[in-house]
Amino acid sequence: MNKNLLLAAIAGKETSVIDEVADLEGVKPNFLCRQIASGRIVVMQRYGGPPLGIGEGLKTKINANIGTSADVFDPDIEVEKARTAEKYGADTISDLSMGGDIDAIRQKILDETSVPITTVPIYQTVVEKGSFLDMTEQDLIRMIKKHVSMGISSIVVHAGFTLEMLEKLRNSKRIMGMVSKGGSFTSAWMLQNSRENPFLSYFDEICGALSEKDVVLSLGNTMRSGCIHDHMDGPQEMEMELNARLAGRANELGVQVIIEGMGGHVSPEKIADYVAHYKNVTNHRPLFVAGPLPLDIGVGYDHISGCVGGSLAAGAGADYLCYITPSEHLALPNVDQVREGVVAFKIAAHVGDILKYGPRPEDQILAGHRRARDWEGQFRAAIDGDRAREIHNQDKRETCSMCGKYCAILIMEEYLK
Ligand code: SF4
């Protein structure tokens with residue numbers, strides 16, 4: 001693994017990692033090198049897997065959240081979720097475990113996957129201290145260093161908000177207030193102890209730990225909206241601006257940065273404008289969006305709602321989407337729900353890429369197989385060929401049961417010969 005990829009790119013060195021990502025993405029290495037140097041693209045790396053580029057000019061990527069909760073903590077199920085997420089195309093996996101033997105679960109996930117793994121170190125800190133009120137700044141830094149030493153590729157910290165912003169939030173007219181879990185832990189600690197944001201106070205030390213192993217910093221999105229009637233407001237704007245400044249500081253210290261933003265719940269007519277605003281304020285750094293959900297009433301089908309919102313966001317310029325599963329707001333997802341969420345967001349990312357870059361060759365390949373009534377070819381070209389095969393469920397037939405012998409493609413094949 002190359003140390004300090006960002007510093008190498010700033011020095012104009014096209015490293016082997018840069019060549020590999022350029023090859024995977026079909027872009028020129030010198031373009032990639034310039035984009036990394038300017039902070040517009042980051043590369044996540046991990047042992048045993050290919051490096052992953054995220055940012056402007058590259059394919060839209062998706063992340064799958066897995067991990068135990070305080071109520072449900074079966075390590076085998078989480079490993080199965082990780083395998084399923086990778087199998088169906090998740091570009092990255094976030095292990096958000098908060099139950100059971102968290103270190104052992106994370107190690108198993110690392111052993112069984114090859115995509116980059118992200119963590120939110122405050123989650124494990126809270127579990128191990130027994131309460132978010134009892135942790136110290138040094139507990140948080142120790143946990144960050146432990147995760148880095150385990151070989152994760154990216155961490156999330158909620159550094160971009162202050163006590164002043166929390167006061168503004170207290171007085172805001174939001175319906176949903178704050179919906180970020182990591183942000184809520186950090187905020188409760190700050191308010192209880194009357195101390196400033198610990199990730200902000202120790203930002204340079206955290207960056208030092210990350211730059212040593214070239215771990216990407218994801219700046220969390222504490223002030224995001226939690227329903228579509230909550231709009232971008234003062235606290236969200238202030239967090240975005242502070243995150244933009246922190247990203248610049250992290251880059252100076254050799255740390256690549258992703259900005260988490262916008263996500264949560266955003267009314268659909270606002271999504272494109274909000275993406276453009278985030279991009280402008282953050283100097284076009286990689287934008288990571290959870291969803292967004294463009295409506296609130298799709299409960300039980302939030303992967304579909306999220307697919308629509310994610311398509312709009314990616315098409316407007318978001319670089320990296322965090323999936324949403326059918327169990328969003330309801331329960332910890334099971335393995336099948338992880339698969340549904342991943343596929344929904346592969347679709348969203350693909351629609352986004354069509355909007356960004358024009359029609360993609362993958363769709364042309366599938367259309368060719370469809371015209372030839374080559375079912376196996378269609379299954380191979382589909383995002384989830386297993387699902388397509390299950391539904392088709394017919395051996396050696398020229399057509400499918402939708403029209404049977406009245407298959408339009410078959411009829412016209414004969415008559416247009
Ligand atoms: S039978 Fe109907 S739905 Fe099936 S492939 Fe032919 S035209 Fe398409």
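Residues numbered from 1 in each chain as written. Predicted model: local features only at pLDDT ≥ 70, side-chain atom pairs only at ≥ 80, totals over all residues.

Draft legend 1. A look at the overall build of the chain. Scanning the chain from N- to C-terminus turns up 19 helices and 10 strands. Here the chain has a C-alpha radius of gyration of 22 Å; the compact-globule value for 417 residues is 22 Å, and the two agree. With the principal axes as the frame, the chain shows a C-alpha extent of 80 × 50 × 40 Å. For the chain, the proportion of its 417 residues judged to be buried stands at 46%. At a minimum sequence separation of 6, the contacts of the chain that also span at least 24 residues come to 72%. (Helix = DSSP H or I, 4+ residues; strand = E, 2+ residues; numbered from the N terminus. Rg over C-alpha atoms; globule rule 2.2 N^0.38 Å. Buried ≥ 20, exposed ≤ 12 C-beta atoms within 10 Å, placed from the backbone. Contact = placed C-beta atoms within 7 Å.)

Draft legend 2. Representation of the site of the ligand. Neighbouring the ligand are the residues Thr-399, Cys-400, Met-402, Cys-403, Cys-407, Ala-408 and Ile-409. Partitioning the shell around the ligand into residue classes produces 6 nonpolar, 1 polar and no charged. (Near = placed C-beta within 6 Å. Nonpolar A, V, L, I, M, F, W, Y, C, P; charged D, E, K, R; others polar.)

Draft legend 3. Seen up close, the domain arrangement of the chain. As assigned here, the chain comprises domain 1 (59-357) and domain 2 (361-415). Taking the mean C-alpha position of each, domain 1 and domain 2 sit 38 Å from one another. (Domains from an automatic or database assignment.)

Draft legend 4. Expanded view of helix H4 (residues 75-87). Look at H4: 18 Å from first C-alpha to last across 13 residues, which is about the 18 Å you get at 1.5 Å a residue. Considered for burial, the residues of H4 that qualify are Glu-78, Lys-81, Ala-82 and Ala-85. The arc that holds every buried residue of H4, seen down its axis, measures 100 degrees, which confines them to one face. Of the exposed residues in H4, those oriented more than 90 degrees away from the buried face are Asp-76 and Lys-87. Buried positions along H4 lie against strand S3 (61-66), strand S4 (92-95), helix H5 (102-112) and helix H15 (335-357). Two residues or fewer past H4, Gly-89 is found with a positive phi of approximately 110 degrees. (Expected span 1.5 Å × (residues − 1). Arc of directions from axis to C-beta.)

Draft legend 5. Seen up close, the sheet that holds strand S6 (residues 154-157). Taken in spatial order, the 8 strands line up as S3-S4-S5-S6-S7-S8-S9-S10 and close into a barrel, and their pairing is parallel. The sheet shows a mean angle of 25 degrees between the axes of neighbouring strands, direction not considered. Pairing analysis gives 2 bridges linking strand S5 (residues 117-119) to S6, with the strands arranged parallel. Residue pairing in the sheet places Thr-118 in a bridge with Ser-154 of S6. (Pairing = 2+ DSSP bridges. Axes fitted to C-alpha atoms, helices over the stretch in contact; angles between N-to-C directions.)

Draft legend 6. Broad picture of helix H11 (residues 203-213). All of the buried residues in H11 are Ile-206, Cys-207, Ala-209 and Leu-210. All buried residues of H11 fall inside an arc of 160 degrees around its axis, so they share one side. If you follow the buried residues of H11, they end up packed against helix H7 (137-150), S6, helix H10 (198-201), strand S7 (216-219) and helix H12 (234-252). Just downstream of H11 lies Asp-214, where phi reads positive at about 55 degrees.

Draft legend 7. Structural view of the environment of Ser-401. Note on placement: Ser-401 falls in the loop between helix H18 (385-392) and helix H19 (408-415). Expressed as a C-alpha distance, the spacing of Ser-401 and Asp-76, which sit 325 residues apart in the sequence, is 38 Å.

Draft legend 8. Spatial organisation of the packing of helix H8 (residues 163-170) against H12. As a packed pair, H8 and H12 sit with axes 9 Å apart at the nearest point and diverge in direction by 160 degrees. Comparing the axis directions of H8 and H12 gives the class roughly antiparallel. As for the relative orientation of H8 and H12, their crossing is left-handed in sense. Seen from H8, the contacting residues are Met-165, Lys-168 and Leu-169; seen from H12, they are Gly-234, Pro-235, Met-238 and Glu-239. Here the residues of the contact of H8 with H12 sort into 4 nonpolar, 1 polar and 2 charged. (Parallel < 35°, antiparallel > 145°, perpendicular 65-115°, else oblique. Left-handed = near helix turned anticlockwise from the far one by under 90°.)

Draft legend 9. Examining the nonpolar core more closely. Ranked by internal contacts, the top residues of the largest apolar core, which has 97 residues, are Leu-217, Ala-313, Leu-321 and Val-342. A total of 7 residues in this core trace back to one element, the largest contributor, which is H15. Those residues in contact with Ala-313 that lie beyond four places of it in its chain are Met-262, Ile-271, Val-275, Val-289, Pro-292, Ala-318 and Leu-321. Listed in part, the 7 residues of the second largest apolar core include Phe-161, Met-165, Leu-166 and Met-178. (Core = buried A, V, L, I, M, F, W, Y, C linked by C-beta atoms within 7 Å.)

Draft legend 10. The pairing of strand S8 (residues 257-260), seen in detail. Along S8, one buried face is formed by Val-257 and Ile-259 and the opposite face, lined by Ile-258 and Glu-260, is buried too. Two strands pair when backbone bridges link them, and S7 and S8 are joined in this way by 3 bridges, in the parallel orientation. Among the inter-strand pairings, Leu-217 is bridged to a residue of S8, identified as Val-257. Read from S7 through H12 to S8, the crossover connection turns out right-handed. The sheet contact formed by S8 and strand S9 (residues 287-290) spans 2 bridges and is parallel. Within the sheet, the bridge partner assigned to Glu-260 lies in S9 and is Phe-288. Handedness of the crossover joining S8 and S9 through helix H13 (residues 271-281): right-handed. (Right-handed = clockwise from strand over helix to strand, strands pointing away.)

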